[in-house]
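Structural overview for review
Residues per chain are reported as follows:
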Amino acid sequence: ENTGVYAKLGEQDSLVLVKSEALEQLKKTAFDLRYRKLLSFTPDQVKKIQVKYPETTLLLEKDNDIWKAKEPEKKELLPYKVNNLMYDLNDLEFKEEILTPEEDLSVYGLHEPQIEVTFRKEEDQEIFTLLVGEQQEDKDVLYVKVATENPVYAIEPSFLDELPKEIKDLVE
């Protein structure tokens, strides 16, 4: 059974029958087609990672290709755990972009971010600091902001599960 839709190519007189799924592909919006990666960095350039919570700060440093915790305790870390963290952040995509956010960032839970994630390269040069807001009770998104940029982004709340809470999350 042939089911589908008829389509015409440009100025040609002939019609072709195409699968109806092809019509769905044409219904994409500009936002659907947009590049939605939030951060742009190369994991190889990262030499320090700081994950700052209100109560504690985790400081990780790469020393001769070996990742070590420097704060709150000194330990050698499992390389794949640190690499997973970097790749999770490198793959982070936004669901919504707010180009002109409210001046009062508390609307997004960002007036006092619950987490600040900073990546640094050689000579302590900052690559980025990602501010992570408190999840809003009435929203199924988490708002984040790159400290040096204006837009606020909505991301999946499950992102919080990817961040280490303690050094032991990176050694076990």
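Refer to the structure above for everything that follows.
Read on for an overview of the structure. Fair warning: this is a prediction, and the values are worked out from it, not measured in the lab. Every chain is numbered independently, its residues counted from 1 as its sequence is written. Under the rules for a predicted model, residues below a pLDDT of 70 receive no local features and side-chain atom pairs below 80 are neither given nor counted, while totals for whole chains, interfaces and linings still include all residues. Side-chain measures were taken over the full set of non-hydrogen atoms in the model, leaving aside hydrogen atoms and water.

So, about the overall build of the protein. Looking only at helices and strands, the protein has three helices and 11 strands in total. When its helices and strands are written in sequence order, the protein yields β-β-α-α-β-β-β-β-α-β-β-β-β-β. For this measure, only C-alpha atoms enter the radius of gyration; the expected value for a globule follows 2.2 Å times N^0.38, where N is the number of residues. Scaling as 2.2 N^0.38, a compact globule of 172 residues should have a C-alpha radius of gyration of about 16 Å, whereas the protein reaches 22 Å, well beyond that. With the C-alpha coordinates of the protein rotated into their principal frame, the extents come out at 75 × 40 × 30 Å. Here, two residues are considered to be in contact whenever any of their heavy atoms come within 4.5 Å of each other. Taking the intrachain contacts of the protein between residues at least 6 apart in sequence as the baseline, contacts between residues at least 24 apart amount to 52%. Carbon and sulfur atoms provide 44% of the accessible area of the protein, an area that totals close to 11,200 Å². Under this rule, positive means Lys or Arg and negative means Asp or Glu; His and the chain ends count for nothing. To locate a charge, take NZ of a lysine, CZ of an arginine, CG of an aspartate or CD of a glutamate. Within the protein, the 39 negative side-chain charges are centred at a point lying 4 Å from the centre of the 23 positive side-chain charges. Strands are runs of DSSP state E lasting at least 2 residues, helices are runs of H or I lasting at least 4, and numbering of each runs from the N terminus. Where accessible areas are quoted, they stem from the Shrake-Rupley method and a 1.4 Å probe; at the residue level, only the protein chains shown are allowed to cover.

Turning to the side chain of Thr-129, a few remarks are in order. Within the secondary structure, Thr-129 is located in strand E9 (residues 126-132). The rule is simple: take the accessible area with a 1.4 Å probe, protein chains only, and divide by the maximum for that residue type; under 20% is buried, over 50% is exposed, in between is partly exposed. Its relative accessible area of 7% is what places Thr-129 among the buried residues. Identification of polar contacts relies on pairs of N or O atoms within 3.5 Å, with a donor-acceptor requirement for protein atoms, meaning one able to donate a hydrogen and the other able to accept it, and with residues adjacent in sequence counted only if both atoms are side-chain atoms. Of the polar contacts made by the side chain of Thr-129, one reaches the side chain of Thr-118; its length is 2.9 Å. Once residues lying within four places of it in the same chain are set aside, the contact partners of Thr-129 are Glu-116, Val-117, Thr-118, Lys-145, Val-146 and Ala-147.

A few words now on the pairing of strand E3 (residues 48-52). Within a regular beta strand, the side chains point alternately toward one face of the sheet and then the other, so they alternate between its two faces. What you see with E3 is a clean split: Ile-49 and Val-51 sit on the buried side and Lys-48, Gln-50 and Lys-52 on the side with no burial. Strand pairing is defined by DSSP finding a minimum of two bridges between the two strands. Of the strand pairs in this sheet, E3 and strand E4 (residues 57-63) are connected by five bridges, and their pairing is antiparallel. Residue Gln-50 lies in a different strand from E4, and its bridge partner there is Leu-59. What sits between the antiparallel neighbours E3 and E4 is a turn of four residues. In the sheet, E3 pairs with strand E8 (residues 115-120) via five bridges, with the strands oriented antiparallel. Across the sheet, Gln-50 pairs through a bridge with Thr-118, a residue of E8.

Glancing now at the packing of aromatic side chains. Each pair of aromatic rings taken from Phe, Tyr and Trp, with Trp reduced to its six-membered ring, is defined by centres within 6.5 Å and is described as stacked if the planes are under 30 degrees apart, edge-to-face if over 60, and tilted in the remaining cases. The tally for this structure, following the rule as stated, stands at five aromatic pairs. Taking the centre distance of 5.1 Å and the plane angle of 75° together, the rings of Phe-41 and Phe-119 count as edge-to-face. Taken together, the residues Phe-41 in the loop between helix H2 (30-33) and E3 and Phe-119 in strand E8 connect sequence positions 78 residues apart. Take Phe-41 and Phe-119: they sit in the same class, and that class is buried. The interplanar angle of 40° and the centroid separation of 5.0 Å between the aromatic rings of Phe-94 and Tyr-153 together place this pair among those described as tilted. Placement of the pair is Phe-94 in the loop between helix H3 (79-90) and strand E7 (96-98) and Tyr-153 in strand E11 (residues 152-155), with a sequence separation of 59 residues. Judged by its relative accessible area of 4%, Phe-94 is buried. Tyr-153 gets classed as buried once you look at its relative accessible area, which sits at 7%. Taken together, the ring pairs in this structure connect Phe-41, Phe-119 and Phe-128 into an aromatic cluster.

Just distances and angles here, no functional claims.
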